[in-house]
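Chain residues, written in single-letter form:
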Amino acid sequence: MKTLMQLVETEEQLETMLATPSVQDQELMRRLTGDVMILGAGGKMGPSLARRAKRAAEDAGIDRRVFAVSRFSSDRARRELAEAGVETIACDLLSPEQIKKLPACENVLFMAGRKFGSTDRSDLTWAVNTLMPVYVAQHFNGARFVVFSTGNVYPFVTAESGGSVETDAPAPCGEYAQSGLGRERIFEFFSREHGTRCLIFRLNYAVDLRYGVLVDIARKVYEGQPIDLTVGSLNAIWQGDANSYALRSLELCASPPRFLNVTGAEIISVRRTAEFYAVRFKREALFQGADSGVSLLSNASVCHALLGYPEVSLDDLMEWVAHWIESGGVNLNKPTKYEVTNGRF
């Protein structure tokens, strides 16, 4: 086999890979002070991030508590985190009274947010993305925050531009993106007014073998479904690398806040990606629509300069996705909807 990941056949093996800390993660834990809390840890990315943080501390020989906070609709997720040494707390982060019961923590990764379903319940989307941050920032006064955000706050740009950079003016399209910018502004307010140290983590798109933009394209080719070319380019990053960047971003928090684009180094052609999988699967790639010439793209050169390039290359990631699909790997059936251009999710 070309790569280690091609040997992964089960979710257990995949989760282990995502949660295995890098040497840089371990070094961070030796320098960091205080415990770590992950708010909104019950989503797609949170569990592996929590386990990675705990393992990084253990591998570094550091006795550090790692808390995972979520409503925890899944007992299995909570049990598996506990087995890994992560302390779980069930909490509705829209309840100020419940938030007040959370222990003080010096390092907070804020992952809670709402995207899909925003069109049907825009009020809930705004509450989760802008009201919840107020409660959290008030309670964890003095903590440093890595605040998960999205490249959707940027305007659509051409591939030739190289992607939006952190100093570009936001131009969010649709209520999800607008409320995402609202979340950023809430934390920026607390950072400027109260000295809260923050890093705004603008991520797109993290790829697990069970979901992600490359998975969306590959599965459509595999299943003979047409691929919409309206959005002709995209970014992607292995979720394990995104996990590592998130942890190590704790050392980059500042007041006023720092903004950081987090993704891979390449701008990826949707058509060429589909054609790769067509050859790989020995199937025809079907297309519909025409490339609009603009896409949501981020330039992560600042991230790579500060934290290093992703450990997993795009070539390996594409091959890993293909192997996972061919071998019947689990699919979470949670499409990214990267092809949406009107901001309605």
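Before any of the text, the structure's been laid out above.
Residues numbered from 1 in each chain as written. Predicted model: local features only at pLDDT ≥ 70, side-chain atom pairs only at ≥ 80, totals over all residues. Heavy atoms only, no water.

Novice: Before we move on, could you go through the nonpolar core and cite the residues and values that matter?
Specialist: Formed by 40 residues in total, the largest nonpolar core has its most connected members in Met 29, Leu 109, Phe 148, Phe 201 and Leu 203. With 5 residues, the single largest contributor to this core is helix H3 (residues 46-59). When neighbours within four sequence positions are excluded, Phe 201 is seen to be in contact with Val 146, Val 147, Phe 148, Ser 149, Thr 150, Ala 242, Tyr 245, Ala 246, Ser 249, Leu 260 and Val 262. Formed by 34 residues, the second largest nonpolar core is a distinct cluster that contains Leu 18, Val 231, Phe 281 and Leu 314. (Core = buried A, V, L, I, M, F, W, Y, C linked by side-chain atoms within 4.5 Å. Buried < 20%, exposed > 50% of the residue type's maximum accessible area, 1.4 Å probe, protein only. Helix = DSSP H or I, 4+ residues; strand = E, 2+ residues; numbered from the N terminus. Contact = heavy atoms within 4.5 Å.)

Novice: Help me get a handle on the packing of helix H2 (residues 23-31) against H3, residues and values and all.
Specialist: Relative orientation of the contacting elements H2 and H3 amounts to 70 degrees, with a least axis distance of 8 Å. It follows from the interaxial angle that H2 and H3 lie roughly perpendicular. Residues Asp 25, Gln 26, Met 29 and Arg 30 of H2 lie in contact with H3, whose contacting residues are Arg 52, Ala 53, Ala 56, Ala 57 and Asp 59. The residue inventory of the contact of H2 with H3, partitioned by class, reads 4 nonpolar, 1 polar and 4 charged. (Axes fitted to C-alpha atoms, helices over the stretch in contact; angles between N-to-C directions. Parallel < 35°, antiparallel > 145°, perpendicular 65-115°, else oblique. Nonpolar A, V, L, I, M, F, W, Y, C, P; charged D, E, K, R; others polar.)

Novice: Describe in detail the side chain of Ser 179, supporting the description with residues and values.
Specialist: Along the chain, the position of Ser 179 falls in helix H7 (residues 175-194). By relative accessible area, Ser 179 is classed as buried at 0%. Discounting residues that sit within four places of it in the chain, Ser 179 has contacts with Thr 125, Trp 126, Asn 129 and Thr 130.

Novice: Give a description of the pairing of strand E3 (residues 87-90) that names residues and reports values.
Specialist: Direction of pairing for strand E2 (residues 66-70) relative to E3: parallel, over a ladder of 4 bridges. The residue of E3 that forms the bridge with Val 69 is Ile 89. In this fold, E2 hands off to helix H4 (residues 75-83), which returns the chain to E3; that crossover is right-handed. (Pairing = 2+ DSSP bridges. Right-handed = clockwise from strand over helix to strand, strands pointing away.)

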